[in-house]
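Examination of the molecular architecture
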Amino acid sequence: MRDYIKRFLIAIIMALCVSLLFLGGKHSQAASLEKMKELQEHWIWPADGVISDTYGTRQGKHKGIDIAGKIDTPVLAVDDGIVIKSYFSNTYGNVVFIKHPSKVVTVYAHLTRRNVYVNQNIKQGDVVGKMGKTGQATGTHLHFETHELEWRYDKKYAIDPERLLGKADVGEFVQGGVASSGYDVLEASTHVKSSTKGRSIHIKANKYVVQQGDTLYSISKKSNMSVKRLKDINHLHSDVIKPKQILFVE
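Source: prediction; values computed, not measured. (Residues numbered from 1 in each chain as written. Predicted model: local features only at pLDDT ≥ 70, side-chain atom pairs only at ≥ 80, totals over all residues. Heavy atoms only, no water.)

Before going further, it helps to spend a moment on the confidence of the model for the chain. Residues shown with low pLDDT carry predicted positions that ought not to be read at fine detail. Confidence along the chain averages 78 in pLDDT terms, with 72% of residues attaining 70 or more. This model gives residues 25-31 a pLDDT under 50, and the stretch forms 0 contacts once residues within four places in sequence are excluded. In the model, residues 181-205 has pLDDT below 50 throughout and makes 51 contacts with residues more than four positions away in sequence or in other chains. (pLDDT = per-residue confidence, 0-100. Contact = heavy atoms within 4.5 Å.)

Our focus in this paragraph is the side chain of Glu-145. Along the chain, Glu-145 falls in strand E9 (residues 141-148). For Glu-145, a relative accessible area of 0% gives the class buried. Of the polar contacts made by the side chain of Glu-145, one reaches the side chain of Tyr-92; its length is 2.8 Å. Apart from the residues lying within four places of it in its own chain, the contact partners of Glu-145 are Lys-63, Gly-64, Tyr-92, Val-105, Thr-106, Val-107, Trp-151, Lys-155 and Pro-161. (Helix = DSSP H or I, 4+ residues; strand = E, 2+ residues; numbered from the N terminus. Buried < 20%, exposed > 50% of the residue type's maximum accessible area, 1.4 Å probe, protein only. Polar contact = N/O pair within 3.5 Å; in protein donor to acceptor, adjacent residues only side chain to side chain.)

A few words now on the nonpolar core. One finds Trp-45, Val-96, Ile-98, Tyr-108, Val-128, Leu-142 and Phe-144 to be the most contacted residues of the largest nonpolar core, which totals 26 residues. At the level of secondary structure, the elements contributing two or more residues to this core comprise strand E2 (65-68), strand E5 (93-99), strand E6 (104-114), strand E8 (127-131), E9 and helix H2 (162-165). Per element, the largest residue contribution to this core is 3 residues, and it comes from E6. Core analysis: the next-biggest nonpolar cluster, separate from the first, contains 12 residues, Tyr-208, Val-210, Ile-219 and Ile-233 among them. (Core = buried A, V, L, I, M, F, W, Y, C linked by side-chain atoms within 4.5 Å.)

For the rest of this paragraph, the subject is unusual backbone geometry. One non-glycine residue, Gln-59, lies in the positive phi region at around 60°. Within the element layout of this structure, Gln-59 appears in the loop between strand E1 (49-53) and E2. You can call Gln-59 exposed: its relative accessible area is 76%. Residues other than glycine seldom take positive phi values, yet His-110 does so here, at roughly 70°. In this structure His-110 comes out as buried when scored by relative accessible area, which is 5%.

A word on the pattern of salt bridges. Taken as a whole, this structure holds 8 salt bridges when the rule is applied. The residue Lys-167 makes a salt bridge to Asp-169 at a minimum N-O spacing of 2.6 Å. The class of Asp-169 is partly exposed, set by a relative accessible area of 42%. We note a salt bridge from Lys-222 to Asp-214, for which the minimum N-O separation is 3.3 Å. (Salt bridge = Lys/Arg side-chain N within 4 Å of Asp/Glu carboxyl O.)

Attention now moves to the pairing of E5. Counting buried residues along E5, 6 of its 7 residues qualify, which places the element largely inside the surrounding structure. Relative to E5, strand E4 (residues 81-89) runs antiparallel, the two sharing 7 bridges. Considered in E5, the bridge of Phe-88 is made with Asn-94. Where E4 folds back onto E5 in an antiparallel hairpin, the turn is made up of 3 residues. Summarising the sheet, E5 and E6 pair through 5 bridges and their orientation is antiparallel. If you follow Val-96 over to E6, its bridge partner there is Tyr-108. Once E5 ends, the chain turns through 4 residues before running back antiparallel as E6, passing Lys-103 with a positive phi of about 75°. (Pairing = 2+ DSSP bridges.)

So, in structure tokens, the structure goes:
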């Protein structure tokens, strides 16, 4: 009888433990999803360019996204943080690792040069380096990764950067310095901020949807503004625009 009671109590304890683990896992998952949502509303894209590869390709071995652009395009910190690594490697080339208050680690690889050093405090939008093709890169692009808690050689904690930046398909243009705010990439182009003497201000302007055949020059003529002004208020570092992209015009 005592053995039966003992086995019964053990079974109850085990069931309680499993239930607690399940509830804890559900809570952890919900907390993780909430954190991802908050970051997506706050993080900015790290560089101007076109998405050339996404997370999970190459038989699952590609643990980041690639943004192709012009050589020496500024590469920006997606959020505040501290530089935990800055060095040259045979694979990543010139690479910078930043740990953010959210405990997420971001990786910026294949840079032509690095502008930061280990233990340097970084603000969102700081230029951490310039886009290049150092290391194992077949063309000029930024390879960008995100990792929960820490970066490991086996990339065990890698997560899809688009969960934090917003969805972008191969061939889509993304704009460095622009927060996704939960919108898709082209809509995100309307959420541009400008900086005046260290303070951020929202630009009050109309929206223009880029049409096939449009150029910055033709849009500037339609809007009675200079190309330089058009580029300035949209934070464009190149003349590359894409149909259906949304721009601010005055």
